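The residues making up each chain are set out below.
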Amino acid sequence: MTETGLQPEALPADPAPVAPERDLFSKFDALIAEREALLGTGVRDPFGIVMEEVRSPTEAVIKGRETILLGTYNYMGMTFDPDVISAGKQALDQFGSGTNGSRMLNGTFRDHVDAEDALREFYGADHAMVFSTGYQANLGTISTIAAKGEYVILDADSHASIYDGCKMGDAEVVRFRHNSVEDLDKRLGRLPKEPGKLVVLEGVYSMLGDIAPLKEMVAVAKKHGCMVLVDEAHSMGFFGTHGRGVYEDQGLILGEDVDFVIGTFSKSVGTVGGFCVSNHPKFEAMRLACRPYIFTASLPPSVVATAATSIRKLMHADAKRAQLWSNARRLHANLRELGFTLGTQAADSAIIAVMCKDQERAVGIWQSLLDQGLYVNVARPPATPSGTFLLRCSLSAEHSDAQIDRITAMFADAGRATGEID
Ligand code: PMP
């Protein structure tokens, strides 16, 4: 009772304890600190390059400077092909700028079907399915065809999209040592016989530019009753008689040795998109079950129209292929002669990796090259195998001999300035 005789008002109860907010971004602190330390040394941000103008498949303007491009995947130089550009413009005029929907509903236009026809012609395949990116092609195909209780067996150096396809699916995942036929055989031998198994390989591994012994690996996979998927992202157009990839170059046949080929439009084809081709009689069922195909918008009509034209031109691009191989061999020999350590003994593909002692050296050479007017990729873990830092050069059929000579001279300067070579 109070003096007034009234009941005191009930005091508000203590507020419920509020848990301090957990900052979900604190996990990035080490990454942020590493980047700040790197930029603090005065180097340019290797992951913040802007192409202010693009003049050709091999030339752009970066920070106001004319720069030779040696770090794109424009292997066959198709991005400025007049027929490709005109196909894109016509589709843009006739069909508009986008599809506003999934392939499964309103998003299949004439040119999506035409791009799939072009792929069937290119690969001599019964079925072709176009995805919105190569990343999604791996994500969708792997996660859909290998299910719970089944197995995906993959090379330890597989591309992120292959790993992510495994994560998205419910199959058991088994890794084998990079390009080791023996390890593949050993690991397959330990698995139970009954469940379905998918062995996932790449024709060219994009960090070092090395190629897979597909013939031997497929023989082992088939011995153990596995289906085989090969990602030929970095070989389309210039490996094998028809440019189908490393599998073709090594005498393997789609439908007999290889069950699925994955590819992308973002490299030799010169636009964006991904695909899977196969001769499996039930392959079309994928269109009804594959989430990264169904639950995303389809590519704009202009993109698939450029892809279809480019793919058909790649079927007859013998002169470009020859030029690309000659460019790769020439630059590989030049860099080797200068004393750089390279990812492969010979020009096995159109990728040449220059191995560096550490991140500081890699970024130092990269910056020196950029200052001279040459762009290459810097690659670092986790993208690279076994903690290596490297500069990745990728050749185009459109690089001229004069450009390769200039590139060599710029590498010589940068290598000497940083102490990487004598
Ligand atoms: N597979 C491999 C081997 C790749 O290197 C890449 C991209 N670099 C992809 C798939 C994904 O292709 P996209 O760029 O079309 O998503």
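Residues numbered from 1 in each chain as written. Predicted model: local features only at pLDDT ≥ 70, side-chain atom pairs only at ≥ 80, totals over all residues. Heavy atoms only, no water.

Short version of the rule: UniProt positions are given in the numbering used here, feature names are shortened, and annotations may be inferred rather than shown by experiment.
Taking an unreviewed UniProt entry as the reference, the chain is identified by name as Serine palmitoyltransferase belonging to Sphingomonas palmae. A UniProt comment under Sequence similarities (unreviewed entry) is attached to the chain, and it reads "Belongs to the class-II pyridoxal-phosphate-dependent aminotransferase family."

**Details of the overall build of the chain**
Threshold: Secondary structure elements follow DSSP: runs of H or I no shorter than four residues count as helices, runs of E no shorter than two count as strands, and numbering proceeds from the N terminus. Only protein chains enter the accessibility calculation, which uses a 1.4 Å probe. A residue is then buried if its area is under 20% of the maximum for its type, exposed if over 50%, and partly exposed in between. Throughout, a contact is declared for two residues whenever any of their heavy atoms are within 4.5 Å. Accessible surface area values rest on a Shrake-Rupley calculation with a 1.4 Å probe, where residue burial reflects the displayed protein chains alone. Residues scored as positive are Lys and Arg, those scored as negative are Asp and Glu, and His as well as the terminal groups of each chain are ignored. Charge coordinates come from a single atom per side chain, which is NZ of Lys, CZ of Arg, CG of Asp or CD of Glu.
The number of helices and strands found in the chain is 14 helices and 16 strands. The C-alpha extent of the chain, read off along each of the three principal axes, is 105 × 60 × 55 Å. Counting across all 422 residues of the chain, residues that qualify as buried make up 52%. Considering only residue pairs separated by 6 or more positions, the chain has 69% of its internal contacts joining residues 24 or more positions apart. Here the chain has roughly 19,700 Å² of accessible surface; of this, 54% comes from carbon and sulfur atoms. Charge-centre separation for the chain: the mean point of 41 positive side chains lies 3 Å from the mean point of 55 negative side chains.

**So, the site of the ligand**
In plain terms, the rule: Residues are counted as near a molecule or strand when any one of their heavy atoms sits within 4 Å of it. N or O atoms closer than or at 3.5 Å make up a polar contact, with two conditions inside protein: a donor-capable atom paired with an acceptor-capable one, and, for residues adjacent in sequence, both atoms drawn from side chains. When residues are grouped by polarity, Ala, Val, Leu, Ile, Met, Phe, Trp, Tyr, Cys and Pro land in nonpolar, Asp, Glu, Lys and Arg in charged, and all others, Gly among them, in polar.
The full set close to the ligand counts 16 residues, and G134, D231, H234, T264 and K267 are the nearest of them. One of the side-chain N or O atoms of T264 is found 2.6 Å from an oxygen atom in the ligand. Within the complex, the protein chains bury 87% of what would otherwise be the 390 Å² of accessible surface of the ligand. Here the shell around the ligand gets 3 residues from one element, more than from any other, and that element is helix α4 (residues 134-145). Looking at the shell around the ligand residue by residue, the class counts come to 3 nonpolar, 10 polar and 3 charged.

**So, the packing of α4 against helix α5 (residues 160-168)**
Defined as follows: A fitted line through C-alpha atoms serves as each axis, taken over the contacting stretch for helices, and the angle formed by two N-to-C directions is quoted from 0 to 180°. A clockwise turn of the near helix away from the far one marks a right-handed crossing, whereas an anticlockwise turn of less than a right angle marks a left-handed crossing.
Between α4 and α5, the shortest axis-to-axis distance is 8 Å and the interhelical angle comes to 35°. As for how α4 packs across α5, the hand of that crossing is right-handed. Packed against α4, whose contacting residues are Y135, N138, L139, I142 and S143, the element α5 presents S161, I162, D164, G165, C166 and M168 at the interface. Residue classes in the contact of α4 with α5 are distributed as 6 nonpolar, 4 polar and 1 charged.

**A few points about the nonpolar core**
What counts here: Grouping buried Ala, Val, Leu, Ile, Met, Phe, Trp, Tyr and Cys residues that are joined through side-chain atoms within 4.5 Å yields what is termed a nonpolar core. As used throughout, domain bounds are those supplied by an automatic or database domain assignment.
L119, Y123 and F411 are the most contacted members of the largest nonpolar core, which has 91 residues in total. By residue number, the principal contributor to this core is helix α11 (residues 301-314), which donates 6 residues. Counting contributing residues, this core receives three or more from each of domain 1 (39-76 + 318-418) and domain 2 (81-314). F411 has contacts with L70, L335, L338, F340, V354, L369, L374, V376, L391, C393 and I421, leaving out every residue within four places of it along the chain. Ranked by size, the runner-up nonpolar core spans 21 residues in total, among them F131, I142, I162 and A171.

**With respect to the UniProt feature "domain: Aminotransferase class I/classII large" (unreviewed entry) in the chain**
Annotation from UniProt places "domain: Aminotransferase class I/classII large" (unreviewed entry) at residues 67-407. Annotated as 40% helix and 18% strand, the span residues 67-407 places its first and last C-alpha atoms 11 Å apart.

**As for the pattern of salt bridges**
When the charged atoms of two side chains with opposite charge come close together, those side chains can pair. The condition is simple: For salt bridges, the criterion is a side-chain nitrogen of Lys or Arg within 4 Å of an Asp or Glu carboxyl oxygen.
For the structure shown, the criterion picks out 22 salt bridges. Here R55 ties to E66 by a salt bridge, and the two come within 2.7 Å at their closest N and O atoms. Placement of R55 in strand β1 (residues 53-56) and of E66 in strand β3 (residues 65-69) is noted, with a sequence separation of 11 residues between them. Residue R55 is classed as partly exposed on the basis of its relative accessible area of 41%. Across the pair R287 and E116 runs a salt bridge whose closest N-O atoms are separated by 3.1 Å. Note that R287 is positioned in helix α9 (residues 286-289) and E116 in helix α3 (residues 110-123), a separation of 171 residues in sequence. E116 matches R287 in its accessibility class, with the two residues each being buried. Among the ionic contacts, a cluster of salt bridges with common partners joins R103, E116, E284 and R287.

**A word on the side chain of S56**
On the secondary structure map, S56 appears in strand β1. Within polar-contact distance, the side chain of S56 engages the side chain of E59 at 2.9 Å. The residues touching S56, leaving out its near neighbours within four places in the chain, are L69 and F80.

**Quick notes on the state of the cysteines**
This is how it is decided: Any two cysteine sulfur atoms lying within 2.5 Å of each other are counted as a disulfide.
In this structure the tally under the stated criterion is 0 disulfides. The structure places no disulfide on C166, whose sulfur is separated from the nearest cysteine sulfur, that of C226, by 14 Å. Note on C166: relative accessible area 8%, which makes it buried. By relative accessible area, C226 is classed as buried at 3%.

**What about helix α12 (residues 318-338)?**
Selection criterion: Given the number of residues in a helix, its expected span is that number minus one, multiplied by 1.5 Å. The reported arc concerns the directions from the helix axis to the C-beta atoms and nothing else.
The first and last C-alpha atoms of α12 sit 31 Å apart over 21 residues, in line with the 30 Å expected at 1.5 Å per residue. Looking at α12, one finds that the buried residues are R321, L324, W325, N327, A328, L331, H332 and L335. The arc that holds every buried residue of α12, seen down its axis, measures 160°, which confines them to one face. Within α12, the exposed residues directed more than 90 degrees away from the buried face are D318, A319, R329 and E337.

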